[in-house]
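A closer look at the structure
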Amino acid sequence: MTGSRVVALGHYQPAKVLTNDDLAAMVDTSDEWITSRVGIRTRHVGGPDEPVDELAAHAAAKALATAGLQPADIDLVLVATSTAIDRSPSMSARVAARLGMGSPAVMDINVVCSGFTHALATADHAIRAGAAARALVIGADKMGDIVDWTDRSTCVLMGDGAGAAVVTAEPDGGGAPGIGPVLWGSVPGMGNAVRIEGTPPRFAQEGQSVYRWATTQLPPIARKVCERAGVTPEDLAAVVLHQANLRIIEPVARKIGAVNAVIARDVVDSGNTSAASIPMALSKLVERGEVESGAPALLFGFGGNLSYAGQVIRCP
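Residues numbered from 1 in each chain as written. Predicted model: local features only at pLDDT ≥ 70, side-chain atom pairs only at ≥ 80, totals over all residues. Heavy atoms only, no water.

Moving on to helix α5 (residues 115–128). Taking 1.5 Å of rise per residue, the 14 residues of α5 would be expected to cover 20 Å, and the 20 Å separating its terminal C-alpha atoms lies within 8% of that figure. Extensive coverage of α5 is indicated by the burial of 11 of its 14 residues. Of the residues making up α5, those classed as buried are G115, F116, T117, H118, A119, L120, A121, A123, D124, A126 and I127. A positive phi of about 85° marks G130, the residue just after α5. (Helix = DSSP H or I, 4+ residues; strand = E, 2+ residues; numbered from the N terminus. Expected span 1.5 Å × (residues − 1). Buried < 20%, exposed > 50% of the residue type's maximum accessible area, 1.4 Å probe, protein only.)

So, about the sheet that holds strand β13 (residues 296–303). Here we have five strands laid out as an open sheet, ordered β8-β14-β13-β11-β12, and mixed in their pairing. Of all strands in the sheet, those bounded by a partner on one side alone are β8 (183–186) and β12 (262–263). Across four bridges, β8 lies against strand β14 (residues 307–314) in antiparallel orientation. Paired with S186 across the strands is S307, a residue of β14. (Pairing = 2+ DSSP bridges.)

One pass over the full model with this rule turns up two aromatic pairs. Seen from their ring centres, F300 and F302 are 6.4 Å apart, and the 40° between their planes marks the pair as tilted. Each member of the pair F300 and F302 is classed as buried. For the pair F300 and Y308, a centre-to-centre distance of 6.5 Å together with 20° between the ring planes defines the contact as stacked. Exposure class is identical for F300 and Y308. Each is buried. Taken together, the ring pairs in this structure connect F300, F302 and Y308 into an aromatic cluster. When the ring centre of W33 is taken as reference, the NZ or CZ atom of R152 above it lies at 4.7 Å. Directly above the ring of Y211 sits R247, whose terminal nitrogen or CZ lies 5.4 Å from the centroid. (Phe/Tyr/Trp six-rings, centres within 6.5 Å; stacked < 30°, edge-to-face > 60°. Lys NZ or Arg CZ within 6 Å of the ring centre and 35° of its normal.)

So, about helix α3 (residues 52–67). Every α-helical turn comprises 3.6 residues, leaving residues that sit three or four positions apart pointing alike. Over its 16 residues, α3 runs 23 Å from end to end, which matches the ideal 22 Å to within 8%, given 1.5 Å per residue. Among the residues of α3, those classed as buried are V52, D53, E54, L55, A56, A57, A59, A60, A63 and L64. Next to the buried residues of α3 lie β1 (2–12), α4 (91–99), β6 (134–142) and β7 (160–171). After α3 finishes, the residue G68 shows a positive phi value of roughly 70°. (Contact = heavy atoms within 4.5 Å.)

This is the structure we're talking about:
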């Protein structure tokens, strides 16, 4: 059997920063109200000349450079996004074209906030099956395009950005896998709790329902992810949850029991970037040297569709 491993990461955010004070000039809110309820202080927002595929391509180029690979070395491109307005060309095809790739397989994956961990599992499965050798897995979303900037309950949450991972095959030597088994699922009957609907599309959610589900139902699932990977929560060096809301991240991380882990809190500076949040937060932790190479990190996405997906990886 051949396993897979994340060998490099990259992230990218638009230059424009929107502070809580900026939002207070737009809607009836304040810095104190936002930080006390969701923990967010700033978020990056792209302009009309910064499409999602451009954000994704910047993050991907950084990951490829870190890996020492050329675009032509990649044979599978997966982009997790829920903010692709056009149906075709797909976001993955657009990114491949921007990077000047040869003939990779291209596929978009829309599982909203848990899209990246679904895409990472899909790349791992493709490599294990022999269908790919080197994959580029990207989470990219431009939530600023779909949020209602007059709705103070949702506009304070969102940001734009992209994160990317280069995943390559590695022989299964009997040690800890580079990417552990995925545990994924959903609650279809509650799928309407998070919505991106309409023309033009707009984001809406039932915040209290999502909060209760995340803080009560997800910690035991996350512990099961660790069990499948053959590690205990105490073994984890990092926990990177979907960066939805600090009031969700902190209690879920505490209930998982990862007492020795660095907990990603990129939401404070970046807001909720949907599928981009996990790879972006992980890339920053690695770039800052807060997690050692080879250390186990729990990645756990959750949100839209009330879907979830998690795996333990070895950090690049």
